[in-house]
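# Geometric and topological summary
This is what each chain is made of:
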Amino acid sequence: MGRLFGTDGARGVANTELTCELAMQIGRAAALVISEGNGGRRPVFMIGKDTRASGAMLEGALVAGLCSVGADVVLLGVVPTPAVACMVTGHSADAGIMISASHNPCEYNGIKIFSSTGYKLPDAVEEKIEAIVLDGAREIPAPIGGEVGRVTVKTDTVDEYVKHVASSVDVKFDGLRIALDCANGSASATARKLFTELGADFDIFCSEPDGVNINDNCGSTHIGNLQKIVREGGYDAGFAFDGDADRCLAVDNNGDLVDGDYILALMAEDMKERGALKGNAVVGTILTNMGFHKFCRDRGMNFIAAKVGDRYVLEEMLKNGYNLGGEQSGHVIFLDHCTTGDGQLTAVQICGLLRRSGKKFSEFTGLVKPYPQTMVNVRVTPEGKKGWKSCVPLSEAIKEGESALGDSGRIIVRESGTEPLIRVMTEGENEQQILRIADELAAVVKEFLA
């Protein structure tokens, strides 16, 4: 993980950690690095944002930085993260930037950069930008007159994105009654038009952003609200997006949660039956439930575990030509349709499966029998997050826990890529045992690293 760009871009509390000055510096450095990568011609950057109050502030700073080095900027407005990737590739731009902190609270914001291919920037390119911003490794030019960058506004991004996602299925959704939770985020700008286009009978919730209510007791990080809505409202399915709509969690017709592992399972089986699963494989992460591993083995599919983070899932997919991958958190990548995780595309693919099969959603969700799994997040100091691997008491506690679990479970301790947290995950056949071990490990983290 880099010093500036974590697993999902540069992120922090807007205006104190992720300042206007830093955003401008990132813009200037990115313009220089991308320009050199395309032979020195004037680069074109496309910028989208979610609904946070700080989005316009950081957008202005980025625009100033980019234009001051001679890059042109196309403003996309409030759009999902995958829409930025889609626009970059569809219009041959040199790079795209999404201003978002995804599922984090409103005070956070982030800067995520895509290359001309629609994929997140490679580590080597991010490192060049970091070296300029943090170390002053390069002198940045300051063009004048007509060489300064220009700014334009693209007003049809939503329509173009909706058309692209809708084209990924060959059926209409008439007969399906759906509940949509937009997290008061980016999906608020697109979901209504998308599901209207596909003919669904739907109700939309949490789609009135005010700059501060993004992810506030709604969306994929607060799925309980949608479960209640679906259960009491008699819906066929419910879908909850996060702030920038690049992830999706689902709720079946009984109101039961369908997480990323379940989604991968039902889509993998469907794609395999249709001959569309490339390499007969699915890419997940080290956190993917052990029950999903068994699901793949039982059905003769290969499971590949990447590091946590959708960028690492994507790397494995590209390396071996796979077209389906994702995370338990709801980042699902359908590489035949998009270069990054797309929550609304995921919802559309699930609805397409339901419509083609004529089955109830709950008839699919028994595919995976998950092992009991728990995650405890412990807030730590910056020093604790940086040095947790050398904490002897924690190492000893992990060894004791692993010994107690034996071959019937596992422990994964890691730092968050976006927040000041140490995450403790335990998984195994005995639920009470894994809960106890997780609590014991979390207590050690809190004592020595918080």
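Described below are features of the structure shown in this document. This one's a predicted model, so the numbers in the text were calculated from it and none came from an experiment.

### Topic: the pattern of salt bridges
Under the counting rule described, the total for this entry stands at 25 salt bridges. With a shortest N-O distance of 3.7 Å, R177 and D203 are connected by a salt bridge. Of the two residues, R177 is situated in strand 7 (residues 177–181) and D203 in strand 8 (residues 201–205); the sequence distance between them amounts to 26 residues. A salt bridge links E440 to R436, with the shortest nitrogen-to-oxygen separation between them at 3.2 Å.

### Considering the sheet that holds strand 5 (residues 108–115)
The strand order across the open sheet formed by 6 strands is 1-5-4-2-3-6, and the pairing between neighbours is mixed. Here the strands that pair on one side only, and so sit at the sheet edges, are strand 1 (10–13) and strand 6 (151–153). Strand-to-strand twist of the sheet, defined as the mean angle between neighbouring strand axes without regard to direction, takes the value 20°. Looking at chain direction, strand 1 and strand 5 are connected through 4 bridges and run antiparallel. In the strand pairing of strand 5, R11 is matched with G110. Set on the sheet, helix 1 (residues 20–37) makes contact with strand 1, strand 2 (44–49), strand 4 (95–99) and strand 5; between it and strand 5 the angle comes to about 5°. Against the sheet, helix 3 (residues 81–90) makes contact with strand 2, strand 3 (72–78), strand 4 and strand 5, and its axis sits at roughly 165° relative to strand 4, the strand it touches most.

### Examining the packing of helix 13 (residues 392–405) against helix 14 (residues 431–449)
Relative orientation of the contacting elements helix 13 and helix 14 amounts to 175°, with a least axis distance of 9 Å. Taken as axis vectors, helix 13 and helix 14 run roughly antiparallel relative to one another. Residues P393, L394, A397, I398, G401, A404 and L405 of helix 13 form the contact with helix 14, whose participating residues are Q433, I434, I437, L441, V444, V445, F448 and L449. Taken together, the residues that form the contact of helix 13 with helix 14 break down as 13 nonpolar, 2 polar and no charged.

### Observations regarding the side chain of D181
Topologically, D181 is positioned in strand 7. Despite its burial, D181 pairs with no opposite charge; the closest candidate is R192, at 12 Å N-O. In this structure the side chain of D181 is engaged in a polar contact, spanning 2.9 Å, whose partner is the backbone nitrogen of A183. If near-sequence neighbours (up to four positions away) are discounted, D181 is found in contact with F205, C206, C218, G219, L226, F239, A240 and F241.

### Here we look at the environment of T426
Within the fold, T426 resides in strand 18 (residues 421–428). Note: C-alpha distance between T426 and A95 (331 residues apart in sequence) is 39 Å. Once residues lying within four places of it in the same chain are set aside, the contact partners of T426 are P372, Q373, T374, R410, I411, I434, I437, A438 and L441. Of note is the side chain of T426, whose polar atom sits 2.8 Å from the backbone oxygen of I434.

### Quick look at the layout of surface pockets
A water-sized probe, rolled over the atoms, reveals where empty space remains. Taken as a whole, the largest pocket encloses approximately 1,400 Å³ of empty space. In terms of lining, the largest pocket is formed by 47 residues, of which the most central are L287, S329, M375, R414 and R423. Elements represented by at least two residues in the lining of the largest pocket include exactly helix 8 (260–273), helix 10 (310–320), strand 16 (373–379), strand 17 (409–415) and strand 18. Classifying every residue of the lining of the largest pocket gives 17 nonpolar, 17 polar and 13 charged.

### Points about the pairing of strand 10 (residues 248–251)
Of the two faces of strand 10, both are covered, the one formed by C248 and A250 as well as the one formed by L249 and V251. Examined bridge by bridge, strand 9 (residues 237–241) and strand 10 share 4 bridges and lie antiparallel to one another. Bridged to A240 within strand 10 is L249. Linking two consecutive strands that pair antiparallel, namely strand 9 and strand 10, is a turn of 6 residues; a positive phi of about 60° is found at A245 within it. Where strand 10 lies against strand 11 (residues 257–258), 2 bridges are found, and the strand directions are antiparallel. Its bridge partner lying in strand 11, A250 is registered against V258. Count of turn residues in the strand 10/strand 11 antiparallel hairpin: 5 residues, of which G255 carries a positive phi of about 85°.

### Some details on the packing of aromatic side chains
Each pair of aromatic rings is reported with the distance of its centres and the angle of its planes. The final tally for this structure, using the stated rule, is 4 aromatic pairs. Both rings, one in F173 and one in F195, keep their centres 6.5 Å apart while their planes meet at 40°; by these two values the pair is tilted. Here F173, found in the loop between helix 5 (157–166) and strand 7, pairs with F195, found in helix 6 (residues 191–197); they are 22 residues apart in sequence, far enough to count as distant. Here F173 and F195 have matching classes, each one buried. Note that R177 overlies the ring of Y235, its terminal NZ or CZ placed 4.0 Å from the centroid.

Reading guide: rules and limits
Residues numbered from 1 in each chain as written. Predicted model: local features only at pLDDT ≥ 70, side-chain atom pairs only at ≥ 80, totals over all residues. Heavy atoms only, no water. Salt bridge = Lys/Arg side-chain N within 4 Å of Asp/Glu carboxyl O. Helix = DSSP H or I, 4+ residues; strand = E, 2+ residues; numbered from the N terminus. Pairing = 2+ DSSP bridges. Axes fitted to C-alpha atoms, helices over the stretch in contact; angles between N-to-C directions. Contact = heavy atoms within 4.5 Å. Parallel < 35°, antiparallel > 145°, perpendicular 65-115°, else oblique. Nonpolar A, V, L, I, M, F, W, Y, C, P; charged D, E, K, R; others polar. Buried < 20%, exposed > 50% of the residue type's maximum accessible area, 1.4 Å probe, protein only. Lys, Arg positive; Asp, Glu negative; His and termini not counted. Polar contact = N/O pair within 3.5 Å; in protein donor to acceptor, adjacent residues only side chain to side chain. 1 Å grid on protein atoms, 1.4 Å probe; cavity = no way out; pocket = protein on both sides within 12 Å on 5 of 7 lines; lining within 4 Å. Points joined across faces, edges and corners; volume = space filled by probe spheres on them. Phe/Tyr/Trp six-rings, centres within 6.5 Å; stacked < 30°, edge-to-face > 60°. Lys NZ or Arg CZ within 6 Å of the ring centre and 35° of its normal.

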